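In case you want the letters, here they are:
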Amino acid sequence: MLQFRVTLSHTLLMNQNAFLHYKEFELYFGEKKLSDLTKDYQQPVYVYDLKFIVARLKLMQQVLKKNKIFYAMKANSHLDVMRTLQKNGAGADVVSAGEIERALQSGFKPEDIVFSGVGKTEKEINRALELKIYQINVESMPEMQRIAKLAKAKEMKAQIALRLNPNIDIKTHPYIATGLHENKFGMELSALEQIQTLLQEHKDSLELVGLSLHLGSQMHNLSGFRDGLKLLKPVYLNLKQKFPTLQRFDVGGGLGIFYDEMNLEKENSLLAHYAEIIDHELKDLNCEIQSEPGRWLVGHAGVLLTQIQYVKDTPYRTFLVVDAGMNHLIRPSLYDAYHGIFPMKQDPKRAHKAYDVVGPICESSDFFAKDRKLQESKQDEFLVIADAGAYGFSMASHYNLKDEAKEICI
Ligand SMILES: *Cc1c(COP(=O)(O)O)cnc(C)c1O
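Residues numbered from 1 in each chain as written. Predicted model: local features only at pLDDT ≥ 70, side-chain atom pairs only at ≥ 80, totals over all residues. Heavy atoms only, no water.

**Some details on the layout of surface pockets**
In this approach the atoms are scanned with a rolling probe the size of a water molecule, which exposes any empty space left behind.
Working step 1: Looking at the largest pocket, its volume works out to about 690 Å³.
Working step 2: Taken together, 37 residues make up the lining of the largest pocket; nearest its centre are K74, V95, F185, H214 and Y391.
Working step 3: Contributing elements (two or more residues each) for the lining of the largest pocket: α9 (295-298) and α10 (331-335).
Working step 4: Across the lining of the largest pocket, the residue classes tally to 14 nonpolar, 14 polar and nine charged.
Working step 5: Volume-wise, the second largest pocket comes out at about 370 Å³.
Working step 6: Lining the second largest pocket are 25 residues; nearest its centre among them are F393, S394, A396, E404 and E407. (1 Å grid on protein atoms, 1.4 Å probe; cavity = no way out; pocket = protein on both sides within 12 Å on 5 of 7 lines; lining within 4 Å. Points joined across faces, edges and corners; volume = space filled by probe spheres on them. Helix = DSSP H or I, 4+ residues; strand = E, 2+ residues; numbered from the N terminus. Nonpolar A, V, L, I, M, F, W, Y, C, P; charged D, E, K, R; others polar.)

Structure (C-alpha cells):
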C-alpha cells in the first residue's frame, strides 16, 4: 500500500543510540556524558540536543517536501531551540502574544507566524495585526467579528484561516483531543453558511486565505486524519469558488511519537504515511499546504535530570522521592503519560527493584512512574527522565514555589 518511501539522508536518525545510550555504564545524550552536567547541580535540569532537533526538522522537510512547516512553539519555546528551528527554515505557530514576542526575539519574521488559539484577546489580535503576521487561524464567529472590528479600525485586511472542527476521533488521550464537537476548538461545519455571511459582511476587513484543522496530539493512527482531510476538501473547493483568495490548507500538528519504546523506524514510517495521506488527499487543490508539528520535532530532543532526595521504603511501596516534580514536568500527572526513566550511572552488579518515582509536590498526582523496574537506587544519585523535550519546561508552573528547572542546550 505504501508507495511513499522515505530515504533518510540523516544518518543520525537511523541510529537509535545516537542520543540516549550507555557507554561504559555512563548515560550519554547525543555526544554528551550527562554526569558532566551535574558538577554544580542545584536543581532539576532540562537538557536539549539542538543537533537532534535540526535532524528531525530536516527529515520532516524532506518527507513533507511541499509543506510549509510552522513549529508549534508551545511545545518548547526555549530561545535557542527556537533560533535553531528558525535558522533551518521553520515558521512558528503561536497561541499568544507572549509567544509572538518570543518568536520575534528568536529571529522569526512576522511573515513566518501563524496565530492559533481559542481565546485571543483584543490586545493580542491588535499586536498580530500591527505586525502583519502571516495568518490568524480563527476559532469562532465572535472571534471573527472581533478581528474584523479591530482590522477595520486599522483600515487593514486581516489574513485569516478558518479552523474547522470536523468532529473526528483520533483515539488519543481525551485531554489532547481537539477535533470533536465536545471540544472548544474550531468551528463546526454546520456553521459554514453563517461563516460565509460574516465573511461577505466584513469583506473589507477580512481576507480568507486558508482553511485549517488540528485534530489533537499524539496521533498514532492516521485514519481519522485522513477522514478529516477528505471531509474538508470539498469544503475548501466550495469556499474557493466564492472566496478566490483562499489558497492555503493548514493540516495542523499532532503527529505522534513513541514514549514507551525508542523506535525511530516506526516513527519514520508514520511520518511517511502522514506525508502520503496529505499528498494523496490534497494534491489536486494546488494550494499551499501548512503543517504545525510540535512534539514530533522536539519531544525526543530533551531529557530532564533529577536527583534522588530520599529512598522511602514502606511495607507497601518503595518511593524514590526526586527533586523534580509535576511543577517541572506535568505530563504524567495530567495525562498519565509514560516517560522512560534511566539511572545516570549503570551498575550491573545491582539488583532491580520496582519503584514509584515521585516528586516533592504536595499532591498525590505528583509522580513520574509507578511500579517501575529500575536498578536499585540510592540517595543523591541521579535519574534521567527521557523524551522531555516537548511540553516539559513550557508547561511548568510555580506550584509550591520550588526552584524552576534550569535549561541547557548541547
Ligand atoms: C498544540 C498544537 C499543535 C502541535 O501539536 P503537536 O502534537 O505538538 O504536534 C499544532 N497546532 C495547534 C493548533 C495546536 O494547538
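Here the narrative resumes.
**Quick look at the packing of aromatic side chains**
Working step 1: All told, the structure shown has six aromatic pairs when counted by the stated rule.
Working step 2: Seen from their ring centres, F225 and Y274 are 4.8 Å apart, and the 20° between their planes marks the pair as stacked. Of this pair, F225 sits in helix α7 (residues 223-242) while Y274 sits in helix α8 (residues 264-282); the two residues are 49 residues apart in sequence, bridging distant segments of the chain.
Working step 3: The class of Y274 is buried, set by a relative accessible area of 1%. (Phe/Tyr/Trp six-rings, centres within 6.5 Å; stacked < 30°, edge-to-face > 60°. Buried < 20%, exposed > 50% of the residue type's maximum accessible area, 1.4 Å probe, protein only.)

**Notes on the confidence of the model for the chain**
Working step 1: Summing up the model confidence of the chain, the mean pLDDT is 93 and the portion of residues at 70 or higher is 96%.
Working step 2: Per-residue pLDDT stays below 50 along residues 1-14; that stretch engages in 32 contacts with residues further than four places along the chain or on separate chains. (pLDDT = per-residue confidence, 0-100. Contact = heavy atoms within 4.5 Å.)

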